[in-house]
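# Topology and contacts: notes
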Amino acid sequence: MKPIRVGLLGLGTVGTGVVRIVEGHQSDLESQVGSPIVIEKVLVQNKNKARSIGVSPEKLTEDVWEIIYNPDIDVIVEVMGGIELTKNYILEALSRGKHIVTANKDLMALHGPEILAKAQEHGCDVLYEASVAGGIPIIRTLVEGFSSDRITKIMGIVNGTTNYILTKMSKEGAAYGDVLKEAQDLGYAESDPTSDVEGLDAARKMTILATLGFRANVALEDVDVKGISSITKEDILYAKRLGYEVKLLGIAERQDDYISVSVQPTMVKLTHPIASVNGVFNAVYVYGEAVGETMFYGAGAGELPTATSVVADLVAVVKNLKLGVNGKQEKLAYKEKKLKTDEQIASKYFMLLHVDDRAGVLARITQAFAEYEVSLESVLQQPNPSIQEAEIIIITHDANKAAAKKVLQALEGMEVVKAIKSVYRVEG
Ligand SMILES: NC(=O)c1ccc[n+]([C@@H]2O[C@H](COP(=O)([O-])OP(=O)(O)OC[C@H]3O[C@@H](n4cnc5c(N)ncnc54)[C@H](OP(=O)(O)O)[C@@H]3O)[C@@H](O)[C@H]2O)c1
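Residues numbered from 1 in each chain as written. Predicted model: local features only at pLDDT ≥ 70, side-chain atom pairs only at ≥ 80, totals over all residues. Heavy atoms only, no water.

## Description of the packing of aromatic side chains
For the coordinates displayed, the defined rule picks out 6 aromatic pairs. Ring geometry for phenylalanine 146 against phenylalanine 296: centres 6.3 Å apart, planes inclined by 75°, an arrangement best described as edge-to-face. One end of the pair, phenylalanine 146, is in the loop between helix H6 (138-145) and strand E7 (151-157); the other, phenylalanine 296, is in strand E12 (residues 292-299), and 150 residues separate them in sequence. Ring-pair connections join several aromatic residues into one group, and the members of that group are Trp65, Tyr69 and Tyr89. (Phe/Tyr/Trp six-rings, centres within 6.5 Å; stacked < 30°, edge-to-face > 60°. Helix = DSSP H or I, 4+ residues; strand = E, 2+ residues; numbered from the N terminus.)

## Some details on the site of the ligand
Surveying the vicinity of the ligand reveals 22 residues, the closest of which are Leu11, Val14, Lys49, Arg51 and Gly302. Residue valine 14 places a main-chain N or O atom 2.8 Å away from an oxygen atom belonging to the ligand. In the environment of the ligand, an oxygen atom lies 2.7 Å from a nitrogen or oxygen atom belonging to the backbone of glycine 302. Compared with its free state, where it exposes 900 Å², the ligand has 77% of that area covered by protein. Counted by class, the shell around the ligand contains 10 nonpolar, 9 polar and 3 charged residues. (Near = heavy atom within 4 Å. Polar contact = N/O pair within 3.5 Å; in protein donor to acceptor, adjacent residues only side chain to side chain. Areas by Shrake-Rupley, 256 points an atom, 1.4 Å probe, with all protein chains shown as cover. Nonpolar A, V, L, I, M, F, W, Y, C, P; charged D, E, K, R; others polar.)

## Some words on the pairing of strand E11 (residues 281-288)
The buried fraction of E11 amounts to 6 of the 8 residues, a majority that puts the element mostly inside the structure. Relative to E11, E7 runs antiparallel, the two sharing 6 bridges. If you follow lysine 153 over to E11, its bridge partner there is tyrosine 287. As paired strands, E11 and E12 are joined by 8 bridges and run antiparallel to one another. The partner of phenylalanine 281 across the bridge, within E12, is alanine 299. Taken together, E11 and the strand that follows it, E12, pair antiparallel across an intervening segment of 3 residues. (Buried < 20%, exposed > 50% of the residue type's maximum accessible area, 1.4 Å probe, protein only. Pairing = 2+ DSSP bridges.)

## Digging into the side chain of aspartate 313
Within the secondary structure, aspartate 313 is located in helix H12 (residues 303-323). Side-chain polar atoms of aspartate 313 contact the side chain of arginine 140, separated by 2.6 Å.

## Focus: unusual backbone geometry
With a phi angle near 55°, alanine 133 is a residue other than glycine that sits in the positive phi range. For alanine 133, the location among the structural elements is in the loop between strand E6 (126-127) and H6. Given a relative accessible area of 1%, alanine 133 falls into the buried group. Even without being a glycine, glutamate 373 presents a positive backbone phi close to 60°. Residue glutamate 373 is classed as exposed on the basis of its relative accessible area of 74%.

## Here we look at the environment of asparagine 326
By the secondary structure assignment, asparagine 326 is in the loop between H12 and strand E13 (346-355). Take asparagine 326: its relative accessible area is 10%, and that puts it in the buried class. Considered as a pair, asparagine 326 and glycine 97 are 229 residues apart in the sequence and their alpha carbons are 10 Å apart. Apart from residues lying up to four places away in sequence, asparagine 326 is in contact with His99, Gly123, Asp125, Val317, Asn320 and Leu321. (Contact = heavy atoms within 4.5 Å.)

## Notes on the sheet that holds strand E5 (residues 99-102)
The parallel open sheet is built from 6 strands, whose spatial order is E3-E2-E1-E4-E5-E6. Strands at the two margins of the open sheet, each flanked by one partner only, are strand E3 (60-61) and E6.

## Brief notes about the pairing of strand E10 (residues 258-269)
Most of E10 sits inside the fold, with 9 of its 12 residues counted as buried. Here strand E8 (residues 223-225) pairs with E10 via 3 bridges, running parallel. Across the sheet, valine 225 pairs through a bridge with valine 263, a residue of E10. From the end of strand E9 (residues 244-255) to the start of E10, which pair antiparallel, there are 2 residues, and aspartate 256 there has a positive phi angle of about 50°. Strand direction decides the pairing type here: E10 and strand E17 (residues 417-427), joined by 3 bridges, are parallel. What sits directly across from valine 268, in E17, is glutamate 427.

Written out as structure tokens, the structure is:
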């Protein structure tokens, strides 16, 4: 049977895994799709670099056009990363009828609609399962598994680096800076960790998940993003004392047709399943009107877990080729996007305040909450001799974001409030 020929862009962590799985699982793959899958050409930056996998030198190229213009290549697997240059390669490949599998969340979060439109125009598939939560098949689950339901909430731990840092801070009582340094030494965090720790990587992934889950084109600018770099070990200690873990959560919610998407450090009740997702692992919790609660857990990155998703996409493209249905998938985002205003976004809040340690202060503070109709679930006041002030720890009932902002502004203006030390969304 005629082999399916693949051009691989990139032979780094994920590319190496793709070669290992395509070669190592060849007989299973062939049984499923009815043809051998052959990696015909591999694009690298430097052909002479030492590699952990043996790829015959004549397959390696430093010239991308040798792959894109090669009429024998049916599918291009893009695992080189990058945005603008890579987008141009992919658009050109699509215009030549090549199907695309990519692991590139940056590209799909920023240019997904343009790439998917080009694919439709040319009858091509573009699949990107590995772009979110590496080895967890969450994209296929949202698009196919939940096609019959209406999803109202998606919460994800979709960045392994930040989850590793927060887990270490929680388990060992360590400070943020020390754990970040250790994560960099171990290779879990990049030397420039900004994209991970400031929540941008998670925001890109949430853009993709919210688009697919709510069937409306969510853009990166629609995501309200806050990272983990200002979390202190004291915050984590308080959270634990109250029965919570602090997690960097991507949260996408829908009510009627209105949606909101955010990435923010969140206090998650220990009884919620997502609170026990530790280390570099990822998890995505999905709530559907009909199905109720579901959760998907696994490796969010790494050579073989990520390559599993890439090769599963490759199998899907080849199955479509056999059926002659490439590029005929339903439109993924068919709804108009309507974003919630701050008045429509509701959650519980945790607030830690340092205040003057004298009579009547607590009453003045609770008055500010009452004024903006934010009701309180619990209030704890305790002296803190080390700062000669009192600490007030407040957990609110569900409050809208606009009202919570007004309360914080009012507190900032009070002379008895010495510092608003931390504010977190609360889940569970
Ligand atoms: N690593 C993961 O666990 C993971 C998980 C999910 C998604 N992803 C995504 O998968 C993609 C690849 O990640 P990775 O970790 O495998 O990257 P990587 O280890 O840095 O590998 C990149 C590969 O692409 C080649 N390359 C890069 N730019 C090139 C260019 N301009 N021209 C030609 N070749 C080029 C490099 O060539 P040389 O080898 O010659 O340098 C290298 O082989 C990224 O989009 C990433 O976000 C990664």
